[in-house]
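Here are the chains, one letter per residue:
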Amino acid sequence: MAGLAASLGSGAMTNAISELGSASAILAIGTNTTATHPIVALQVKDAVRNGSKLIVANPKEIELCRFADVFLQHKPGTDVPLLMGMMRVIVEEGLHDKSFIESRCEDFNASEKSLAEFDLNTVEKITGVPQDKIIQAARIYATETPASIIYCMGITQHVQGTDNVLAISNLALLTGNIGKPSSGVNPLRGQNNVQGACDMGCLPNVYPGYQAVTSPEAKAKFESAWGVALSDTAGLTHTKIFDACYEGTIKALYLVGENPVLSEADASHAIEAMKKVDFLVVQDIFMTETAELADVVLPAVTFAEKDGTFTNTERRVQRVRKAIASVGDAKSDWWITCQLAKRLKGKGFDFSSSAEIMEEISTLTPSYKGITYTRLEKGSLQWPCPSEDHSGTPFLHAEKFGTDSGKGKFKPLTYRKSAEVTDSEYPILLTTDRSLYHYHSTMTRRVYGLNVLNNEELMNIHPEDASVLGIEDGQMVKVVSRRGEVEVKALVTENCPQGTVSMTFHFFETPTNVLTCCELDPVANTPTTKVCAVRIEGLNS
């Protein structure tokens with residue numbers, strides 16, 4: 001992946017959350033921030049109160065639209081043409097940062113030429129967004145500096161997900177909105193330690209600290225530290241693992257903190273894949289729907305029962321301290337891993353505490369080198385933190401980018417349609433999102449108070465679509481895709497545009513992901529859960 005997107009391989013925010021409050025403009029695209037990241041949303045609202053201009057780009061009319069200066073309600077899967085249209089306006093009106101492009105970027109000419117196919121007539125036709133709104137948004141983002149971009153899985157969970165991120169990268173580079181406070185490209189990560197898991201090498205192509213497994217230097221470094229021979233071939237991505245299980249290539253599967261029965265795209269395929277393996281182990285804090293399929297369940301402790309660290313979406317490493325004794329037979333994840341390794345005759349797993357593990361992390365991971373438990377007792381630190389006298393890094397790319405040349409690389413792009421399209425049999429698009437009261441499928445559904453607030457799945461549908469289909473508010477309907485079907489209660493609302501319905505995926509009673517599409521982005525292998533063709537059939541009340 002090229003340019004700024006290459007240096008964003010970690011998926012982390014380039015800037016601190018607190019900086020959003022001082023941004024002159026914010027583009028929130030593919031994120032329902034008030035529902036999924038409410039604390040971040042508070043910073044966005046503070047920015048608006050302080051005079052910041054807010055642009056919201058989303059297929060749904062979300063709560064953040066109430067605070068927006070411009071709302072770009074584009075069709076699902078059309079993020080690239082929308083962003084390229086904005087960039088074309090910026091270039092044609094001479095609003096791009098020529099000095100920044102000249103001194104800190106490369107490959108601009110090729111990217112500029114690729115804007116030719118994105119005239120505003122074409123962009124409006126593809127996206128459904130009026131030209132005047134695209135022009136208004138482009139002018140705000142280019143002139144109200146510093147400007148920040150925040151995005152979430154509404155950008156990445158598409159067959160064009162990588163292109164979407166590259167388009168965002170291009171837009172930030174074009175306007176010089178990177179490498180300074182209150183600017184940047186800021187992907188909002190999911191659960192509290194998703195960032196930390198990635199930092200520690202829970203990806204198929206990197207060691208801890210995003211050191212490539214294909215790098216001879218990195219390979220030699222970790223072989224020396226761990227005393228084992230390592231492969232220089234990248235492993236399988238998340239979705240490819242399930243394919244390999246289904247095909248019989250993988251015979252055993254060990255799942256930690258994952259509930260694919262509800263969360264995996266094309267969930268029926270994932271369930272069949274797990275049933276085909278000879279041996280399934282699930283390590284989790286509850287007996288989840290996936291754990292019910294397991295041959296062995298290893299009980300793990302919750303956040304309140306463990307010592308360690310979490311690294312959040314802004315690269316902030318924070319101490320976690322044990323508050324209560326472990327319940328029942330539950331053990332810390334690191335302890336379980338070490339015990340398994342020892343019983344399999346593995347070497348190098350003689351840790352007695354999480355602090356000892358952090359010592360190894362700081363030794364082998366340059367971005368964590370200056371982070372120690374002693375320092376964290378005094379407060380959190382943002383990586384990269386290369387030495388113990390370093391105060392951490394609030395924003396990235398102040399002087400150079402994470403490319404060989406140190407410059408941000410523009411990437412020419414074209415528009416590719418979504419793999420899943422509507423037709424006469426499946427005439428409506430389904431997109432998925434989250435509720436404010438539930439994030440995934442394992443923990444929040446077990447909280448009584450949250451279930452009082454939100455205890456059932458609802459299919460959001462536009463009044464015009466409901467009228468055509470003869471569906472009333474509160475009526476039970478059947479939603480059918482090319483992969484499966486579910487029954488759900490309809491919520492008639494103008495939040496969804498005509499031709500699109502939306503559902504969450506939190507409820508085992510209504511497993512939305514049996515519907516969703518598992519066509520993959522060719523680079524990241526991310527499934528296309530945001531665009532799924534369905535038909536809707538009314539059921540008797």
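As the structure is a computational prediction, the values presented were derived from the model and not from experiment.

1. Regarding the overall build of the protein chain
When helices and strands are tallied, the protein chain shows 20 helices and 21 strands. Against the 2.2 N^0.38 benchmark of 24 Å for 541 residues, the protein chain shows a C-alpha radius of gyration of 24 Å, consistent with a compact globule. Summarising its shape, the C-alpha atoms of the protein chain cover approximately 65 × 65 × 45 Å along the three principal directions. Each of the 541 residues in the protein chain was classed as buried or not, and the buried ones make up 52%. Sequence separation of 24 or more characterises 70% of the internal contacts of the protein chain that already satisfy a separation of 6 or more. Of the accessible surface of the protein chain, which amounts to about 23500 Å², a share of 51% is contributed by carbon and sulfur atoms. Side chains of the protein chain carry 50 positive and 65 negative charges; the gap between the two charge centres is 4 Å.

2. With respect to a nonpolar patch on the surface
There is a patch of nonpolar side chains on the surface, built from Tyr254, Val256 and Leu340 and spanning about 240 Å² of accessible area. Within the element layout of this structure, tyrosine 254 appears in strand β9 (residues 252-256). Residue classification places tyrosine 254 among the partly exposed residues on the basis of a relative accessible area of 37%.

3. Examining the domain arrangement of the protein chain
Partitioning the protein chain into structural domains gives domain 1 (2-188), domain 2 (194-382) and domain 3 (428-538). A C-alpha centroid distance of 33 Å is found between domain 1 and domain 2. Taken residue by residue, the interface counts 12 residues in domain 1 and six residues in domain 2. In this structure, the connection of domain 1 to domain 2 is made through zero salt bridges. At the junction of domain 1 with domain 2, the criterion picks out five residue pairs in polar contact (both at pLDDT 80 or more). Residue classes in the side of domain 1 that touches domain 2 are distributed as six nonpolar, six polar and no charged.

4. Quick look at the pattern of salt bridges
Taken as a whole and judged by the stated rule, the model has 21 salt bridges. Between glutamate 92 and arginine 88 there is a salt bridge; the shortest N-O distance is 2.9 Å. Here the residue glutamate 92 and the residue arginine 88 both occupy positions in helix α4 (residues 79-92), the gap between them amounting to four residues, near one helical turn. Connected via shared salt-bridge partners are Glu420, Asp423, Arg482 and Arg483.

5. Re the side chain of aspartate 521
Here aspartate 521 lies in the loop between β20 (500-503) and β21 (532-538). Among the polar contacts listed, one links the side chain of aspartate 521 to the backbone nitrogen of glycine 161, at a separation of 3.0 Å. With sequence-adjacent residues up to four places away left out, aspartate 521 is seen in contact with His158, Val159, Gln160, Gly161, Thr162 and Thr526.

6. Observations regarding the nonpolar core
Of all hydrophobic cores here, the largest spans 48 residues; its most connected members are Ile29, Leu72, Tyr141 and Leu171. Looking at this core, the element that brings in the most residues is α4, giving nine residues. With sequence-adjacent residues up to four places away left out, leucine 72 is seen in contact with Ile55, Val56, Ala57, Asn58, Leu82, Met86, Val129, Lys133, Ile134 and Ala137. Grouped together as the second largest cluster of nonpolar side chains are 19 residues, Ile428, Ala466, Val514 and Ile536 included.

7. So, the pairing of strand β16 (residues 428-432)
The buried count for β16 comes to five of five residues, which makes it a mostly enclosed element. Of the two faces of β16, both are covered, the one formed by Ile428, Leu430 and Thr432 as well as the one formed by Leu429 and Thr431. In this sheet, β21 lies alongside β16 in antiparallel orientation, the contact comprising three bridges. Bridge pairing links isoleucine 428 to valine 534 in β21.

8. A look at the sheet that holds strand β5 (residues 147-151)
Reading across the sheet, the five strands line up as β3-β2-β1-β5-β6 and stay open at both edges, with parallel pairing between neighbours. Both edges of this open sheet fall to β3 (70-72) and β6 (185-187), since each of them pairs with a single strand only. Adjacent strand axes in the sheet meet at a mean angle of 15 degrees, parallel and antiparallel pairs treated alike. Sheet topology places strand β1 (residues 25-29) next to β5; five bridges connect them, and they run parallel.

9. Some words on the packing of aromatic side chains
Going through the model one piece at a time under the given rule, you end up with five aromatic pairs. Geometrically, the ring pair formed by phenylalanine 108 and phenylalanine 410 is edge-to-face, given 5.2 Å between the ring centres and 65 degrees between the ring planes. Of this pair, phenylalanine 108 sits in helix α6 (residues 108-114) while phenylalanine 410 sits in the loop between β15 (408-409) and β16, and the two are 302 residues apart along the sequence. By the burial criterion, phenylalanine 108 is buried, and phenylalanine 410 matches it. An aromatic cluster of at least three residues, connected via ring pairs, comprises Tyr207, Phe222 and Trp226. In this structure, lysine 276 is placed above the aromatic ring of tyrosine 246, and the distance from its NZ or CZ to the ring centre is 3.9 Å. Looking at arginine 315, its charged tip hangs above the ring of tryptophan 383, at a distance of 5.9 Å from the centre.

Reading the values: the criteria
Residues numbered from 1 in each chain as written. Predicted model: local features only at pLDDT ≥ 70, side-chain atom pairs only at ≥ 80, totals over all residues. Heavy atoms only, no water. Helix = DSSP H or I, 4+ residues; strand = E, 2+ residues; numbered from the N terminus. Rg over C-alpha atoms; globule rule 2.2 N^0.38 Å. Buried < 20%, exposed > 50% of the residue type's maximum accessible area, 1.4 Å probe, protein only. Contact = heavy atoms within 4.5 Å. Areas by Shrake-Rupley, 256 points an atom, 1.4 Å probe, with all protein chains shown as cover. Lys, Arg positive; Asp, Glu negative; His and termini not counted. Charge placed at Lys NZ, Arg CZ, Asp CG, Glu CD. Patch = residues over 30% accessible without salt bridge, like charges linked within 9 Å, V, L, I, M, F, W, Y side chains within 5 Å. Salt bridge = Lys/Arg side-chain N within 4 Å of Asp/Glu carboxyl O. Domains from an automatic or database assignment. Polar contact = N/O pair within 3.5 Å; in protein donor to acceptor, adjacent residues only side chain to side chain. Nonpolar A, V, L, I, M, F, W, Y, C, P; charged D, E, K, R; others polar. Core = buried A, V, L, I, M, F, W, Y, C linked by side-chain atoms within 4.5 Å. Pairing = 2+ DSSP bridges. Axes fitted to C-alpha atoms, helices over the stretch in contact; angles between N-to-C directions. Phe/Tyr/Trp six-rings, centres within 6.5 Å; stacked < 30°, edge-to-face > 60°. Lys NZ or Arg CZ within 6 Å of the ring centre and 35° of its normal.

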